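Tertiary structure, described
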Amino acid sequence: MGSFVPSNPKEREEMLKTVGVESFRDLYRAVPEALLLPREKLNVPDGVSEPEAMRAMETMAEKNRVFRAVLRGAGAYWHYIPAIVGRVTSKEQFLTAYTPYQAEISQGVLQSIFEYQTMMCELTGMAVSNASVYDGATAAAEAAAMCVDRKRSTVYLSKALAPDVIRTVQTYCWGANRQVRLIPVKDGLTDLEALKGMLAEDSAAAGVIFAQPNYFGNLEDCAGLIELTHQAGAKAVMSVNPIAMGLLQTPGELGADIAVGEGQPLGMPMGFGGPYLGFMCASQELFRHLPGRIVGETTDAQGKRCYVLTLQAREQHIRREKAASNICSNQALCAMTAAVYLAAMGAEGITKTARLCYDKAHYLAAELEKIGLKRRDEADFFHEFVTETDCAEKLLVALEAKGILGGLPVENGVLWCCTEQCDRSVMDEVVAICREAMA
Amino acid sequence: MKLIFERSMEGHQCSLVPRSDVPAASLPEKQMRRSTLRLPELSETELSRHYTELSKQAYGVNDGFYPLGSCTMKYNPAVNEEAARLKGFAALHPLQPESTVQGAMEVLYRAEQILCQVTAMDEMTFQPAAGAHGEFTGLLLIKAYHEARKDSARRKIIVPDSAHGTNPASAAMCGFTVVNIPSNAQGGVDIDALRAAVGEDTAGLMLTNPNTLGIFDPNILEITKIVHEAGGLCYYDGANLNAIMGNARPGDMGFDVIHLNLHKTFSTPHGGGGPGSGAVGVKKQLAPYLPAPHVMKTEKGFTFERAAQSLGQVKAFYGNFLVVVRALCYMLMLGGDGMQEASENAVLNANYLRMLLAPNCKVATDGLCMHEFVLDLGEIKKETGVSAMDVAKAMLDEGMHAPTMYFPLIVHEALMFEPTETESKQTLDEAAQTVNALLQAAFTDPERLHNAPSRTPIGRPDDVQAARKPVLRYSFENQ
Amino acid sequence: MNCPENLKYTKSHEFVETLENGNVRIGITDYAQNELGDLVFVNLPQAGDEVTAGEAFGDMESVKAVADVLSPVTGTVCAINEELLDAPQKINENAYEAWMIEVESPELEDGLMDAAAYAAFCESEK
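Residues numbered from 1 in each chain as written. Chains lettered and ligands numbered in written order. Predicted model: local features only at pLDDT ≥ 70, side-chain atom pairs only at ≥ 80, totals over all residues. Heavy atoms only, no water.

On to the pairing of strand 13 (residues 414–417) of chain B. All names here are of chain B. Neither face of strand 13 is left uncovered, since the one carrying A414 and M416 and the one carrying L415 and F417 both have all their residues buried. Here strand 11 (residues 373–376) runs beside strand 13; their pairing, made up of four bridges, is antiparallel. The residue of strand 13 that forms the bridge with L375 is L415. Across two bridges, the pairing between strand 12 (residues 404–405) and strand 13 is antiparallel. Considered in strand 13, the bridge of M405 is made with L415. (Buried < 20%, exposed > 50% of the residue type's maximum accessible area, 1.4 Å probe, protein only. Helix = DSSP H or I, 4+ residues; strand = E, 2+ residues; numbered from the N terminus. Pairing = 2+ DSSP bridges.)

What follows deals with the sheet that holds strand 6 (residues 56–62) of chain C. Residue and element names in this part refer to chain C. In spatial order, the strands read 4-6-7; together these three strands make up an open sheet with antiparallel pairing. In this open sheet, the two strands that pair with only one neighbour each are strand 4 (39–43) and strand 7 (66–70). On average, adjacent strands in this sheet sit at an angle of 25° to one another, irrespective of strand direction. Examined bridge by bridge, strand 6 and strand 7 share five bridges and lie antiparallel to one another. Residue pairing in the sheet places G58 in a bridge with V69 of strand 7. (Axes fitted to C-alpha atoms, helices over the stretch in contact; angles between N-to-C directions.)

What follows concerns the interface of chain C and chain A. Counting residues at the interface gives 12 residues for chain C, matched by nine residues for chain A. Viewed at the interface, chain A and chain C are joined by two salt bridges. A salt bridge links D68 of chain C to K322 of chain A; its shortest N-O distance comes to 2.5 Å. Between chain C and chain A we count one residue pair in polar contact (both at pLDDT 80 or more) in total. Counting residues per element, the ones that place at least two in the side of chain C that touches chain A are strand 4, strand 6 and strand 7 of chain C. Tallied by class, residues from the side of chain C that touches chain A come to five nonpolar, two polar and five charged. (Contact = heavy atoms within 4.5 Å. Salt bridge = Lys/Arg side-chain N within 4 Å of Asp/Glu carboxyl O. Polar contact = N/O pair within 3.5 Å; in protein donor to acceptor, adjacent residues only side chain to side chain. Nonpolar A, V, L, I, M, F, W, Y, C, P; charged D, E, K, R; others polar.)

To characterise two packed helices, one gives the angle between the axes of the helices and the distance between these axes. Residue and element names in this part refer to chain A. Following both chains from N to C, one finds helix 14 (residues 392–401) and helix 15 (residues 424–438) inclined at 130°, their axes separated by 9 Å at the closest point. Taken together, the axis directions place helix 14 and helix 15 in an arrangement best described as oblique. Considering only the axes of helix 14 and helix 15, their crossing is right-handed. Contacts between helix 14 and helix 15 involve K394, L395, A398 and L399 from the first element and V430, I433, C434, A437 and M438 from the second. By residue class, the composition of the contact of helix 14 with helix 15 is eight nonpolar, no polar and one charged. (Parallel < 35°, antiparallel > 145°, perpendicular 65-115°, else oblique. Left-handed = near helix turned anticlockwise from the far one by under 90°.)

If you look at the interface, chain A gives 188 residues, while chain B gives 204 residues. Buried area between chain A and chain B, summed over both chains or domains, comes out near 16,400 Å², and the portion from carbon and sulfur atoms is 63%. Counting across the interface, chain A meets chain B through nine salt bridges. For K63 of chain A, the salt bridge goes to E106 of chain B, with nearest N and O atoms at 2.6 Å. At the junction of chain A and chain B, the tally comes to 96 residue pairs in polar contact (both at pLDDT 80 or more). Of the residues that constitute the side of chain A that touches chain B, the class distribution is 96 nonpolar, 50 polar and 42 charged. (Buried area = accessible area lost by both parts, 1.4 Å probe.)

Moving on, we come to the packing of aromatic side chains. What describes a pair of aromatic rings is the distance from one ring centre to the other and the angle between the planes of the rings. Overall, the coordinates contain 24 aromatic pairs over all chains when judged by the stated rule. Between Y118 of chain C and F121 of chain C, the aromatic rings sit 6.5 Å apart at their centres with planes inclined by 35°, giving tilted as the arrangement. Pair noted here: Y118 of chain C and F121 of chain C are both in helix 4 (residues 115–125), with a separation of three residues, about one helical turn. For the pair formed by Y118 of chain C and F121 of chain C, the shared burial category is buried. A connected cluster of aromatic rings, assembled from ring pairs, spans F272 and Y276 of chain A together with F89, F304, F317, Y318 and F321 of chain B. A cation sits over an aromatic face here: R288 of chain A above F41 of chain C, 3.4 Å from the ring centre. Over the face of the ring belonging to W174 of chain A we find K143 of chain B, whose NZ or CZ atom lies 5.6 Å from the ring centre. (Phe/Tyr/Trp six-rings, centres within 6.5 Å; stacked < 30°, edge-to-face > 60°. Lys NZ or Arg CZ within 6 Å of the ring centre and 35° of its normal.)

Below, the discussion takes up the domain arrangement of chain B. Residue and element names in this part refer to chain B. Each assigned domain of chain B is listed here: domain 1 (78–334) and domain 2 (336–456). Its C-alpha centre places domain 1 at a distance of 30 Å from the equivalent point of domain 2. Contact residues are listed per partner, giving 26 residues for domain 1 and 26 residues for domain 2. Taking both partners together, domain 1 and domain 2 bury about 2,000 Å²; carbon and sulfur atoms supply 61% of that area. Of all residues in domain 1, L213, N242 and L334 give up the largest surface area on contact with domain 2, accounting jointly for 30% of the area buried on that side. Along the contact surface separating domain 1 from domain 2 lie zero salt bridges. Taken together, the links from domain 1 to domain 2 amount to eight residue pairs in polar contact (both at pLDDT 80 or more). At the level of secondary structure, the elements contributing two or more residues to the side of domain 1 that touches domain 2 comprise helix 5 (102–119) and helix 11 (321–357). The greatest single-element share of the side of domain 1 that touches domain 2, amounting to three residues, is contributed by helix 11. When its residues are assigned to classes, the side of domain 1 that touches domain 2 shows 13 nonpolar, 12 polar and one charged. (Domains from an automatic or database assignment.)

This part takes up helix 6 (residues 107–124) of chain A. Residue and element names in this part refer to chain A. The terminal C-alpha atoms of helix 6, which comprises 18 residues, lie 26 Å apart, in line with the 26 Å expected from a rise of 1.5 Å per residue. With 18 of its 18 residues buried, helix 6 lies for the most part within the structure. Following helix 6 by one or two positions, G125 has its phi on the positive side, about 75°. (Expected span 1.5 Å × (residues − 1).)

Structure follows, in C-alpha cells:
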C-alpha cells in the first residue's frame, strides 16, 4: 500500500502529541460518531505496490485495440505529435503547478499562455483569445452564451455540427432557459434558405453556430451564413478545425464574431476523448464577454515587462451569480501543448500539414469512387468526406481485421478522415480491402 | 524574458512534415486563406531552450511547499504519468467500436465503483472536466429531477456566504436563483437562517464540508434533513474531500449529489490550471438523469448506455479520460487503507502546522481543524500595517508557494493553509519556522514585507494597468 | 468629506445632479470611488434604455471587485458618458465630473439625501 505519506510512525506520534490528541480518531472529534467509517465498512480493497498498480493498469490497457492506421475523425484526429511536445509539457514545473495566481513565481506559465493566445489569434484571424476552455463542444456552448443578451436569446445550431457539439450546446441552453433551433442540412451543407426563413420570423435570434469544415467534412458557404446572421442582428460563431486554418479562410477574414473549436489536433493524443482543448477567440468588440481566464501584459514594480491573469472581475470568484460563466480550471497544460505544437510546426508546417490532409483525403475519395464507393455530397471538402454505402459494417469489420480503423458509420454511409499520417500504401490497402469486402 | 515570437528567425524550423506521396488536388480558390499566418520559426534547440527558460520561472509541487488552501496541492505520483502514457490508453480514438476499448471502459467502470464506495453514492459520471463543470452538471441533475416530477416551482439554490464563488455562478448557469444564507461563527451553516430560507421553492442546498474555514459542520445531519423535509436536494462540493476521504462519506451525511476534483483529492496534476476532472456522483433517484454516454457492465462486457431521461451531454465523449486513468492508478495504490491513512495524515499535518503557527498569529477558528485552517491577520494588520498579502508575498521570497489569500471572505485578512498529507514533519517544521519569522518581522521590519517579494523573477505586477489597457496578445510591431 | 451642496445622494453612494433642462446626471460619489479603489472598467447601459429607481443600471470593476450602480430615478437614458468606457480612472480622479448616465423626464425616488445628510451617513458607515 502506498499513501505517499512521508512521515514514520514515531514522527506521527510526536505530531499527535504536539496537537494534543491521543490518536487519529481524536482528530475527527467533530464528525458525528455515526458518520465515522471503520475500515471494514469501506468496501475498497487494500492498496498495492507501484509495480502491482502499474501491472493492473497495463492489463487494462492491453485489453484495448491500438490500430496501426486511423481513418476516423468526427471530432478526434490522428495527427503526428512531435517528440518535443511531450518533452516540454511533462516538465514538472509546468505539470504540477497550480493556476498562476502568484504572478511573481508563475511567469513561465503566464507567458506560455500569452503566447498561446497570440498563436490562436493568428490561426483564426481574430483579435483576442482566452486561455482555453474544456473542449470544442463546451467552447461552442460558452460562445452561445456570449451571443445572448436581454433582448436576444435564441441560439441557432447547424445540424452539420458534430453531434457531441449539438448535444452539449443544447444542455447548456436548457440549463440557462434559452431556446435552441436546429438549422437543417441540405446536400451536406447548412441550408441557407432554411436559415433565412427561420431568421426572418425571429427578432430574438442571438447567434448562429456552424462548423468549417462541417461534421461531414464539407466546406460551408461561410460568407453567406455570416451575412444572413448579421442581417438578422445576430452574432456569427464559427467552429473551426485548427489545422484547416493553415489553408482555409479564417473566421477573422470572414467577419465572424466568435471563433471556437476543438484543439486536440494541435499535439494532443486522441486519448479516448480527453483531455482536449477548447479554444475561444473573439472580435475586439466582444473581448470582455469571453469567459474564463485571460492573460495580459503589464509591468512589475520595477517597470519590467511581465504577465498576469487579467480582467478577473468578469469571473466567477468575483462576480459570483452574475458571472457569465462558472469556469475556473481550464485546460492550461493542453493550451501549452498547442502552443509548443504550433511553434514546432511553424506556419509552413501547419500549412503543409493542412495541404497533406487535403490532398490525401481527395486521393482516397477518388480511389474509393473507382470501386463504387461514391461521395454522398458534391460540396468541396477538407479532410473528411462521406461515401454512400449500405454495407458499412462489412467494410469496417474487414478493415478492423487488418488493424485499420476505418471511417465512422453514419446514416447511409461512412465518414472517412485522412490526416498527414495516412500513407498512400495504407490508403491503397484500404481500397483493396473494401473492394474485396464488397465483392 | 523574450517572447517566443521575439526569438523567431526566418527559415529556422524543425523537421516535422512528411513528404507527400499523393498527387496535389485542386483547391477551391474562394475558400482559401489570404492573410499571412505569423507563427514563430525556431529550430528544435531554440524551441527547447525557450520552454526550459520558461520552466525556470514556474513553480510546481515538486519545487517546494505548496500550502494553497482548498486546492489540495498534494504530490503527483510519477507512476500516474506512466499509466496515462500507455499506448493502450493514449492512442485510442473515442469512437472506436466498443469491443476494441473494453479496457478503457473498465477504467471508467472501476474508477466509478471505487469512488462510489468512497462517497456513498450509487452512480458516477466522469464527463465533467473540472470542479466547476461538475457543479454545473450536479445542479443540472437537480433541475432535471424537479422538472421530471413536475415540481418546477423549485427555482432556488441555497448557498452559504462562505462558499466559493463558483457555487452561485454554477447555480445561475442552471437558471436558478441564488439565496445566500449567513454562516455562524465557525463558518458553519446558521441553522435558523437555513430553516427560514427553505420552502416550496427550494431546489437544493450547496455545501462544502469541511467548510472553507476547515471545520467539519457538526450539524450536518440536521442540515440535510431540513433541506430534504422542504423537498430540496443536497449538493456536496467535494473540494475538501481530502479531509475525510475513506473516513466519512458525503452520502452518509445525507447528500444526494456530489462532485469530486480528481486533480485535488486524487492526485492528478493541476497542469498550471487544468486539465482536471470533476466527476459527479449521485444517489439512485438522480441516476436516470446522468449525462450520456455512461459505462454499464453487462454479461457481454462493458457498454455505453444513453438513458432515456439523461440530461444529455456536458462535454464531448466521456470526459478527461486520461485524467481518470491517473486517478485510478492512484486509487489502486492507496486502496481503502491508504485512503484512510492519507486523509488522517492530511488532518494531522494541518493541525500540526496550526499548532506551530498559533503562537504568532490568531487562528480564525478555535480548537481542532480538519485538513486546512485559516490564519486571521486582522490584528497584525491593525498594529503593524502588514497585510495577509504582504506575508504571502514574503513567503514567495522564501521559496514557498503562498497560501490562499483573502478567502473565505468572512475573515478579512485571511491566509488559508492546506499542507496536505504528502509533506513530511521536517518540511512542516521548516515552513513553520519561516512563516513565524515573517509574522515576527511584521513588527520589526514591516517595510521588508510591504516590498516583498524581492528575490523572485519579477516584483509585484501592476494589475490595474493590465486591466485598464488590456494587452492580450503580441503585436508583432517590432518585426 | 467631498460632497458638493448642489447634488442629491443615495445610501448606495450614487449622486444625482439636476440639469437646467430638468434631466438628471447620475454617477458615484467620491466616497464610493475611494472605497472601491482603482477602477478598471465600467459597464453602462445604452441611450434609449429604461432605468428604474432602486435597480442596477450598470456596474464598475476594480481589479479584485465589482459593484453595481443603482439608479436613484426612473426614466429613459438619453446619454451616457462614453469617455468612461476608455478611461474609468476619470471616476477616481474626479467622481463628480465623471457622471455615468443622463436620464430625461426622471422621477426621483424618495429619500434622497442632501450633502449634509450624506456626509453624516458616510461618517456612520465608517
